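Chain by chain, the residues:
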Amino acid sequence: MAEVVLMGVKGGPAIRPGSHMPTSVLLRIGGRSILVDAGLGVTRGICDAGTPLTGLDLILITHLHSDHYLELGPLLHTAWTAGLTRPVPVIGPSGLPAHWEGFCASMAFDIDLRERDEGRVPFAPLFDFRLLTEGEVTGTAGLTIRAMRNDHPPIEESYALRFDCEGASIVLSGDTAYMPEMADFARGADILVHEAMLLPGVEALVARMPNGDERLRTHILRSHTSAEDVGRIAAEAGVGKLALTHMVPDGDPDFSEEDWRAEVRKHWDGPLHIGRDGMVLRTG
Ligand SMILES: [Zn+2]
Ligand SMILES: [Zn+2]
């Protein structure tokens, strides 16, 4: 059995009263605790999920939009103050070491102080970076992780991830436009967690933006997947259950769970979960 905890299901970087948190997902699979993405709120989310910050075995970052890694430095710093003493493997895009170096530089006073004054282990080496590329990411002790480059312009280093272990399989779409290849990548998975947007909600969101020119609208529409197309992928892939995450819009009272369901149900009649922060999904 494996578990997925959706710790942040909101698409995009802003939060407002009543909204969910940006993206982070905790997987418990093959006896390991794996974090995928580290958006704002991830540190609290891991604790609320009952996992100690010192218990993370691996971190993967799908791409470098801030809603997926804004809290990576603060997460590792907080894990350090909570007693982390071993490096944590972090697998992600090529820009991540610059984030880490910048974070360490921004906190140098505090880090130096705690190392000298409190005797903590050196902080900087706790970040054990490996570049995320397409194909098999790791295949150790029965757990196989594979990455597929998805379609999230203008970012090129952006990935969907698949985890297979002891008969349990979980697929995370990452941020992506509709891509039929996702159905092959997710074929037969127990759980597919896919990003989704509601097209009328996108129009309402863009209309509310103070500087509303066409760029935000164009970005959202060409980089993300409509809820209807998510249903299409789940049906084509034959997954066990489908969960929506990275939802755009989020927290708009004009749109309810029923609106999401109606779109997905045009193609998918299997188990469907409209994501909420803290939602736990289990295989089997
Ligand atoms: Zn995003
Ligand atoms: Zn993105």
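Bear in mind the structure is a predicted one, so any value in this text is a computation, not a measurement.

Some points on the coordination of the zinc ion (ligand 2)
Right, so step 1: The protein atoms donating to the zinc ion (ligand 2) are His63 (NE2), His65 (ND1), His152 (NE2) and Asp175 (OD), with metal-donor distances spanning 2.1 to 2.3 Å.
Right, so step 2: One can describe the site at the zinc ion (ligand 2) as irregular: its 4 donor atoms subtend angles covering 91 to 161 degrees at the metal.
Right, so step 3: A spacing of 3.3 Å is found between the zinc ion (ligand 2) and the zinc ion (ligand 1), which share Asp175 as a donor. Separated by 110 residues along the polypeptide, His65 in the loop between strand 4 (58-60) and helix 2 (72-81) and Asp175 in the loop between strand 10 (168-172) and helix 5 (181-185) bring together distant segments of the chain.
Right, so step 4: Look at Asp175 and you get buried, because its relative accessible area is 2%.

A word on the pattern of salt bridges
Right, so step 1: The full count for this structure, using the stated rule, is 19 salt bridges.
Right, so step 2: Between Arg217 and Glu214 there is a salt bridge; the shortest N-O distance is 3.7 Å. With Arg217 and Glu214 both in helix 7 (residues 214-223) and 3 residues apart, this pair spans about one turn of that helix.
Right, so step 3: On the basis of relative accessible area, Glu214 is assigned to the partly exposed category, the value being 49%.
Right, so step 4: Here Arg261 ties to Glu258 by a salt bridge, and the two come within 3.9 Å at their closest N and O atoms. One end of the pair is Arg261 and the other is Glu258, both in helix 9 (residues 257-264) and 3 residues apart, which spans about a single turn.

A look at the packing of aromatic side chains
Right, so step 1: Evaluated as defined, the whole model comprises 6 aromatic pairs.
Right, so step 2: Ring centres of Trp80 and Phe123 lie 4.8 Å apart, and the angle between their planes is 50 degrees; this geometry places the pair in the tilted category. Remark: Phe123 occurs in the loop between helix 4 (108-117) and strand 6 (127-131) and Trp80 occurs in helix 2; sequence separation between them is 43 residues. Across the pair, Phe123 and Trp80 agree in class, each one buried.
Right, so step 3: Counting every residue linked through ring pairs, the aromatic cluster contains Trp80, Trp100, Phe103, Phe123, Phe127 and Phe129.

A few points about the layout of surface pockets
Right, so step 1: Taken as a whole, the largest pocket holds about 650 Å³ of empty space.
Right, so step 2: If you go around the largest pocket, you meet 27 residues; those closest to its centre are Lys10, Gly11, Gly12, Arg16 and Leu205.
Right, so step 3: Contributions of two or more residues to the lining of the largest pocket are made by helix 6 (199-208), helix 7 and strand 12 (241-248).
Right, so step 4: Each residue belonging to the lining of the largest pocket can be placed in one class, and the counts come to 10 nonpolar, 10 polar and 7 charged.

Quick word on the sheet that holds strand 8 (residues 143-149)
Right, so step 1: Within the open sheet, the 7 strands sit side by side as 7-8-9-10-11-12-13. Their pairing is mixed. What marks the edges here is a single partner per strand, and that holds for strand 7 (135-140) and strand 13 (272-274). Sheet twist, expressed as the mean angle between neighbouring strand axes with direction ignored, is 15 degrees.
Right, so step 2: Sheet topology note: the strand 10/strand 11 (residues 191-197) ladder contains 3 bridges and is parallel. Paired with Leu172 across the two strands is Val193, which belongs to strand 11.
Right, so step 3: Where helix 8 (residues 227-237) meets the sheet, it contacts strand 11 and strand 12, and its direction lies at approximately 160 degrees from that of strand 11.

Conventions used here
Residues numbered from 1 in each chain as written. Chains lettered and ligands numbered in written order. Predicted model: local features only at pLDDT ≥ 70, side-chain atom pairs only at ≥ 80, totals over all residues. Heavy atoms only, no water. Donors = N, O, S within 2.8 Å, 3.2 Å for Na, K, Ca; no water. Tetrahedral: all angles 85-135°; square planar, octahedral: opposite > 155°, others 65-115°. Helix = DSSP H or I, 4+ residues; strand = E, 2+ residues; numbered from the N terminus. Buried < 20%, exposed > 50% of the residue type's maximum accessible area, 1.4 Å probe, protein only. Salt bridge = Lys/Arg side-chain N within 4 Å of Asp/Glu carboxyl O. Phe/Tyr/Trp six-rings, centres within 6.5 Å; stacked < 30°, edge-to-face > 60°. 1 Å grid on protein atoms, 1.4 Å probe; cavity = no way out; pocket = protein on both sides within 12 Å on 5 of 7 lines; lining within 4 Å. Points joined across faces, edges and corners; volume = space filled by probe spheres on them. Nonpolar A, V, L, I, M, F, W, Y, C, P; charged D, E, K, R; others polar. Pairing = 2+ DSSP bridges. Axes fitted to C-alpha atoms, helices over the stretch in contact; angles between N-to-C directions. Contact = heavy atoms within 4.5 Å.

Keep in mind these numbers describe shape, not what the thing actually does.
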